[in-house]
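As a plain string of letters, each chain reads:
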Amino acid sequence: MPTRRTFTLAAFGTALTAASSVSGAVLAFVLGPLRRRAPQEPMLLDVGPASAFEALRAGAAGPEEVLVERAVEDGYMTRRVKERFAVVRDGRAASGLAALATTCSHLGCGVSWDRGRNAFLCPCHGGVYGPDGAVLAGPPPRPLTRLPLVVIGGRVQLDASALDA
Amino acid sequence: MKRLFEFLESRASLSSLWRAFADEPVSVRRAWFFTLGSAALVALLVQFASGFALALAYAPTPDHAWESVKAIQTRLPAGALVRGLHHWGASAMVLFVALHMARTFVFGAYRRPRELNWLVGLALLLLVLGFGFTGYLLPWDQKAYWATVVGTRVPAALPIAGAAASRLMAGGPTVGAATLTRFYALHVVLLPLLTFVFVAVHLLLMRRHGHAGPTDEPDPREPFFPYQAARDGALALALVLALFWLAARHPAPLERLADPTDTSYVPRPEWYFLPLFQLLKFFKGPFEPIGTAVLPGVSMLLLALVPWLDRGASRRPRDRRLVLAAGGAGAALLLGLLYFGALDTPKGNVSGLDPASQPPPDARLLGGFASYERRGCASCHGAEGRPAADASPNAVGLAARAHVLAGDAVAAHVKEKGAKPAATEEDGESPDKDIPSLLAYVEALGRDGPRFSALPQPIRVGGAAIDREDCRQCHQLYGEGGRKGPALQHLLGKRDRDWLVAHFKEPKKLVPGSKMPSFRFLPDAELSAMSDYLLAVP
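Because the structure is predicted, anything quoted here is derived from the model rather than measured.

A. The arrangement of the environment of Val-30 of chain A in detail. Within the fold, Val-30 of chain A resides in helix α1 (residues 4–30). For the pair Val-30 of chain A and Asp-90 of chain A, spaced 60 residues apart in sequence, the C-alpha to C-alpha distance is 42 Å.

Shown next, in the form of structure tokens:
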């Protein structure tokens, strides 16, 4: 014979199971963005003709900012976004060039090249990076993200597969 | 009428409820101090009402958010007023919650048996800040975007779950469409529900234990109605009037559409997050989590523990010197950070509907500045006509010189000494056609020494391009130029950057019968900068 006690336990148990099932489904949805996509294929984005960066490669000019457009998956849509990179000299790369993301490694503000100070400056918390992207001053914990540039058929290409990883 | 009240009393005991509410005994001394909480409640009601109205016309997608807010601000009836109320109401919320909390702290009103209500109040403070943080992303303008980029990256440096928390907040690796829908859902569904529940509990607990009253005897009481109700009402009325005045006189700002590529923008958060923002400047590299998590977390924990740390018998300030000193030091620190954060906030942001932004310099001067740099004038005359302190004795400064040489002599000097501009002029234009602008710039340098290098990049680049492309041949700019086309002024509000760029590329497509040539040969970045410049011209 069921007692009030067993009824109460069963009722609570059932309610708890139902509530946690619903919460679980909602939680799985809310936590969705944590799932990372598999590493993408190499994605080459055109940066410009190699001739445009001759002076830079020869060390006769400073970093050059370029805009690169790519498609990113953003929530429910795929958007074409423009991103700003700085093309800098890189003696170790075959192309002699590398791209730096102009996103501050501290909290993501956009850094810009300041010719007068020969440095990348972040307007938010005072981060300063050298022409090679190394931290010179301020709170940034890491250098600017460096991405390889390759020259294919006279065009400089940015390998963007490492972005968003 | 009498029968209606009798009906309501017999079916819902409404009159008895009202009596219980109105007859609650409240303190007579320090009575005005006990109006701060109700002012916060009034501000919250303003937020609920105005927020509901805004949600009717708002679209939480990156493609439409800014546009819909702009429509609210400029086209929809009473839109600017409602948005102004919501904008200023948000600040009022934070202000009155903070004042109410400071009052409770100084009065020691969190003491037993009101510890739980102190914690509920703390939760409400966090909810209000959560409203602020999720709310100002929604307009999707520059401030919204960049403040959220910073805000969502704050947890990223924390050990273990930091990166995941940051990703969850943004709804993906970067701030975008998913961030907007997330923040919208939090701002209009979850946070209001939680706030409603917590406010209800806060009020019920307050009534359960009654007013704490002043810190010492005597504590005479009177019914809440009418005197305290009148005080609450007076402050509420003053607050609502102030909000209307602010909404009418200082419209809520809407900056340019969010632009992730614009590195010239200087992001600054709303004033109530400025202390936190300022704090982040002090902790470098691996110590960053101290500023982002440890200090704010420890402060909140200490606040939560206050009722258990301060538990003497007397609530009088002189018996609680240590606690009050600690609280005062914390408040002073917060205000100091706010002050220095505000000092460090530049005014130069080029913002769409911000009437306070400075008009840009004349395009000709910017063109001259560009050719000053291109021709290498700075190698002898210094950047912006100011030679460095350790420059050679031959360096001749130009800024604020007593006399200025005749134009012909300067032109000859430029042709002789200045670097020739690269031969990019394809259709037989003189390589020296920039000299008149350069002369105008040098003349301005001698007169009042303007400094252009601190201007936002789009203004510099755009102004120089407008000068180089000789837009003044057909258009008036700052009251000077031809009259074949419309004057280049008051464009803000009528056109936006995307329209202007599209128009530069194909004028006839957007304005049928236009005689303006296409400028599609110019790089996109330059067209965009020219648009920014024109939008900034008053």
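B. Expanded view of the domain arrangement of chain B. Taken as a whole, chain B is organised into domain 1 (22–343), domain 2 (358–422 + 429–454) and domain 3 (456–538). The C-alpha-based centres of domain 1 of chain B and domain 2 of chain B are spaced at 50 Å.

C. Quick peek at the interface of chain A and chain B. Each partner contributes residues to the interface: chain A has 29 residues there, and chain B has 34 residues. Looking at the side of chain A that touches chain B, the elements with two or more residues in it are β2 (64–74) and β3 (77–89) of chain A. The dominant element in the side of chain A that touches chain B, judged by the number of residues it contributes, is β3 of chain A, at 6 residues.

D. View of the domain arrangement of chain A. Each assigned domain of chain A is listed here: domain 1 (4–34) and domain 2 (44–162). Its C-alpha centre places domain 1 of chain A at a distance of 49 Å from the equivalent point of domain 2 of chain A.

E. The arrangement of the environment of Arg-447 of chain B in detail. By secondary structure assignment, the location of Arg-447 of chain B is in helix α17 (residues 435–448). Along the primary structure Arg-447 of chain B and Asp-259 of chain B are separated by 188 residues, whereas in three dimensions their C-alpha atoms are 36 Å apart.

F. Representation of unusual backbone geometry in the model. All names here are of chain B. A cis amide bond links Arg-112 to the next residue, Pro-113, at an omega of 10°. Checked against the element boundaries, Pro-113 lands in the loop between α5 (79–107) and α6 (115–135). A cis amide bond links Glu-217 with the next residue in sequence, Pro-218, at an omega value of -5°. Locating Pro-218 in the fold gives a position in the loop between α9 (177–209) and β2 (221–223). If you check the backbone angles, Ala-78 has positive phi at about 65° while not being a glycine. For Ala-78, a count of 11 C-beta atoms within 10 Å puts it in the exposed group. One non-glycine residue, Glu-384, adopts positive backbone phi at about 55°. Positionally, Glu-384 belongs in the loop between α15 (378–381) and α16 (407–417). Judged by the 22 C-beta atoms lying within 10 Å of it, Glu-384 falls in the buried class.

G. Molecular detail of the sheet that holds strand β7 (residues 128–129) of chain A. Residues and elements named next belong to chain A. Spatially, 4 strands are ordered β5-β6-β7-β8 in an open sheet, and the strand pairing comes out antiparallel. Either end of the sheet is taken by a strand with one partner, and the two such strands are β5 (112–114) and β8 (135–137). Where strand β6 (residues 119–121) meets β7, 2 bridges bridge the pair, whose relative direction is antiparallel. Residue pairing across strands places Leu-121 opposite Val-128, the latter belonging to β7.

H. A look at the packing of helix α14 (residues 363–374) of chain B against α17 of chain B. Residues and elements named next belong to chain B. The interhelical angle for the contact between α14 and α17, taken along N-to-C directions, is 95°, at an axis separation of 7 Å. Comparing the axis directions of α14 and α17 gives the class roughly perpendicular. Here Arg-364, Leu-365, Gly-367, Gly-368, Phe-369, Ser-371 and Tyr-372 of α14 lie close against α17, whose contacting residues are Ser-437, Leu-438, Ala-440, Tyr-441 and Ala-444. Residues that form the contact of α14 with α17 fall into these classes: 7 nonpolar, 4 polar and 1 charged.

I. Here's a closer look at the confidence of the model for chain A. The predicted model of chain A averages 85 in pLDDT, with 95% of residues at 70 or higher. Averaged over each element, pLDDT in chain A is lowest for β2 of chain A (82) and highest for α1 of chain A (95).

J. Region of the structure containing the sheet that holds β3 of chain A. Residues and elements named next belong to chain A. Taken together, the 6 strands give an open sheet; going across it, the order is β1-β10-β9-β4-β3-β2, and neighbouring strands pair in antiparallel fashion. The strands lining the two open edges of the sheet, one partner per strand, are β1 (44–49) and β2. Averaged over all adjacent pairs, the angle separating strand axes in this sheet is 35°, with direction ignored. Examined bridge by bridge, β3 and strand β4 (residues 97–101) share 5 bridges and lie antiparallel to one another. Paired with Val-88 across the bridge in β4 is Ala-98.

Procedures and definitions
Residues numbered from 1 in each chain as written. Chains lettered and ligands numbered in written order. Predicted model: local features only at pLDDT ≥ 70, side-chain atom pairs only at ≥ 80, totals over all residues. Helix = DSSP H or I, 4+ residues; strand = E, 2+ residues; numbered from the N terminus. Domains from an automatic or database assignment. Contact = placed C-beta atoms within 7 Å. Buried ≥ 20, exposed ≤ 12 C-beta atoms within 10 Å, placed from the backbone. Pairing = 2+ DSSP bridges. Axes fitted to C-alpha atoms, helices over the stretch in contact; angles between N-to-C directions. Parallel < 35°, antiparallel > 145°, perpendicular 65-115°, else oblique. Nonpolar A, V, L, I, M, F, W, Y, C, P; charged D, E, K, R; others polar. pLDDT = per-residue confidence, 0-100.

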